[in-house]
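The chain contents come next:
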Amino acid sequence: MTSASREHRLNAAFVMVADSLTDDYDVVDLLHTLVSECTEIVNVQAGGLLLLDADGELQVVASTTESAELVEVLQLAAGAGPCLDCFATGEQVSVPDVAAAARWPAFQEEALRRGFRSVHAIPLRLRGDTIGTMNLFGTSVGALSARDASAAQALADVATISILQQRISAHAQLIAEQLQRALDSRVLIEQAKGAVAQVNGTSMDESFTLLRRYARDRNLSLHALAEAIANRSLPISALTTSHEDERVSSRRPAARKQE
């Protein structure tokens with residue numbers, strides 16, 4: 001790849017990754033794009049990507065070949081390898097000669113068996129937050145040049161920003177939805193209190209007490225009870241009837257034991 005074509009490919013890759021900064025992007029497609037473009041730009045033969053899941057475990061989410069995926073799965077199973085070291089430190093880990101990587105014997109054996117002679121692990125990080133690693137495998141011995149390592153890291157950084165932004169947006173949306181549900185429930189309950197007060201001639205506080213008692217006795221949420229009153233599937237008289245039954249029951253003397 002000539003210098004001009006490389007720069008053109010790199011610019012195009014940045015555009016493709018940056019295009020993911022939308023509300024409806026597919027994170028899996030983003031990661032496949034990232035690892036595929038990086039393998040082409042830095043001229044390695046395979047790539048794979050590990051991402052932290054909701055349970056705090058690293059999972060393989062993208063790879064260019066089945067061989068690369070198998071190597072990464074083995075790293076996870078063995079609990080050792082350059083990709084895991086990269087994730088733990090948040091720094092790039094370069095292994096220019098896998099045959100000399102004796103500190104990861106399981107990884108070394110499987111990588112060599114699959115024909116990989118070098119690997120370069122790049123963190124997906126934003127400031128102190130590392131969410132995964134991108135791992136580039138070569139079939140020949142040798143480290144990435146500083147220029148290639150820098151380009152791959154820059155692409156990984158853009159992808160990381162996209163993923164974290166999506167997570168923040170999703171979290172914010174969840175909070176907004178929960179708040180809206182709470183507000184909707186409050187409006188519904190206020191309407192139910194007003195209806196009970198009007199029918200029974202009770203105060204709003206007394207009406208709310210009736211609602212709470214009825215809901216608790218029947219293991220209902222206040223929202224569900226208020227909704228039932230609003231749509232008239234439960235008559236308001238049921239609340240006072242239930243309350244009167246309880247009062248009568250509480251005044252009734254206990255049956256005397258037979259001698």
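All values derive from a computational prediction rather than experimental measurement.

## Some thoughts on the environment of Q59
1) Next: Along the chain, the position of Q59 falls in strand β2 (residues 58–63).
2) Next: A residue is classified by how much of its surface remains accessible, and Q59, at 36% relative accessible area, is partly exposed.
3) Next: C-alpha of Q59 to C-alpha of L76: the two residues are 17 residues apart in sequence and 8.1 Å apart in space.
4) Next: Look past the residues within four positions of Q59 in its chain and what remains in contact with it is L49, L50, L51, D53 and L76.

## Structural notes on the packing of helix α7 (residues 204–217) against helix α8 (residues 222–230)
1) Next: Packing of α7 against α8 brings their axes to within 9 Å, and their N-to-C directions diverge by 110°. For the element pair α7 / α8, the angle class is roughly perpendicular. Crossing handedness for the pair α7 and α8: right-handed. Contacts between α7 and α8 involve F208, L211, R212, Y214 and A215 from the former and L222, L225 and I229 from the latter.
2) Next: Classifying every residue of the contact of α7 with α8 by side-chain character gives 7 nonpolar, no polar and 1 charged.

## Concerning the packing of aromatic side chains
1) Next: With the rule as written, the count across this model stands at 2 aromatic pairs.
2) Next: Relative to F137, the ring of F116 has its centre 5.0 Å away and its plane inclined at 40°; by these criteria the two rings are tilted. Residue F116 is found in the loop between α5 (105–113) and β4 (118–126), and its partner F137 is found in strand β5 (residues 129–138); the two are separated by 21 residues along the sequence. For the residue pair F116 and F137, the accessibility class agrees, reading buried in each case.
3) Next: A cation over an aromatic ring shows up here: K193 above the ring of F208, its NZ or CZ 5.2 Å from the ring centre.

## Some remarks on helix α4 (residues 82–89)
1) Next: Listed as buried for α4 are P82, C83, L84 and C86.
2) Next: Just past α4, the residue G90 takes up positive phi, approximately 75°.

## Comments concerning the pattern of salt bridges
1) Next: In the structure shown here, the tally under the stated rule is 5 salt bridges.
2) Next: Between R103 and D85 there is a salt bridge, with its nearest N and O atoms 3.3 Å apart. On the criterion of sequence distance, the pair formed by R103 in the loop between β3 (93–95) and α5 and D85 in helix α4 is long-range, its members being 18 residues apart.
3) Next: Put simply, E110, R113 and R114 are held in one network by salt bridges that share partners.

## Notes on the layout of surface pockets
1) Next: Reported here for the largest pocket is a volume of approximately 180 Å³.
2) Next: In this structure, the largest pocket is lined by 19 residues; those nearest its centre are V44, S118, S140, G142 and L144.
3) Next: The set of elements that each furnish at least two residues to the lining of the largest pocket consists of β3, β4 and β5.
4) Next: In terms of residue class, the lining of the largest pocket is built from 10 nonpolar, 9 polar and no charged.

## Quick word on α7
1) Next: With 14 residues, α7 extends 20 Å from end C-alpha to end C-alpha; this agrees with the ideal 20 Å at 1.5 Å per step.
2) Next: When α7 is considered as a whole, its buried residues turn out to be S207, L210, L211, Y214 and A215. Taken down its axis, α7 places every buried residue within 125° of arc, on the same side. The exposed residues of α7 that point more than 90 degrees off its buried face are D205 and R216.
3) Next: Positive backbone phi, at 55°, marks N219, one or two positions downstream of α7.

## Examining unusual backbone geometry
1) Next: Its identity is not glycine, yet N43 carries a phi of approximately 60°, on the positive side.
2) Next: A positive phi angle, close to 65°, is found at R232, a residue other than glycine.
3) Next: Considering the arrangement of structural elements, one finds R232 in the loop between α8 and α9 (237–251).

## Some remarks on the confidence of the model for the protein
It should be kept in mind that the predicted coordinates are not to be read in detail where pLDDT is low.
1) Next: Taken over all residues, the pLDDT of the protein has a mean of 78, while the share at 70 or more is 74%.
2) Next: By mean pLDDT, α9 is the weakest element of the protein at 59, and β3 is the strongest at 94.

Parameters at a glance
Residues numbered from 1 in each chain as written. Predicted model: local features only at pLDDT ≥ 70, side-chain atom pairs only at ≥ 80, totals over all residues. Heavy atoms only, no water. Helix = DSSP H or I, 4+ residues; strand = E, 2+ residues; numbered from the N terminus. Buried < 20%, exposed > 50% of the residue type's maximum accessible area, 1.4 Å probe, protein only. Contact = heavy atoms within 4.5 Å. Axes fitted to C-alpha atoms, helices over the stretch in contact; angles between N-to-C directions. Parallel < 35°, antiparallel > 145°, perpendicular 65-115°, else oblique. Left-handed = near helix turned anticlockwise from the far one by under 90°. Nonpolar A, V, L, I, M, F, W, Y, C, P; charged D, E, K, R; others polar. Phe/Tyr/Trp six-rings, centres within 6.5 Å; stacked < 30°, edge-to-face > 60°. Lys NZ or Arg CZ within 6 Å of the ring centre and 35° of its normal. Salt bridge = Lys/Arg side-chain N within 4 Å of Asp/Glu carboxyl O. 1 Å grid on protein atoms, 1.4 Å probe; cavity = no way out; pocket = protein on both sides within 12 Å on 5 of 7 lines; lining within 4 Å. Points joined across faces, edges and corners; volume = space filled by probe spheres on them. Expected span 1.5 Å × (residues − 1). Arc of directions from axis to C-beta. pLDDT = per-residue confidence, 0-100.

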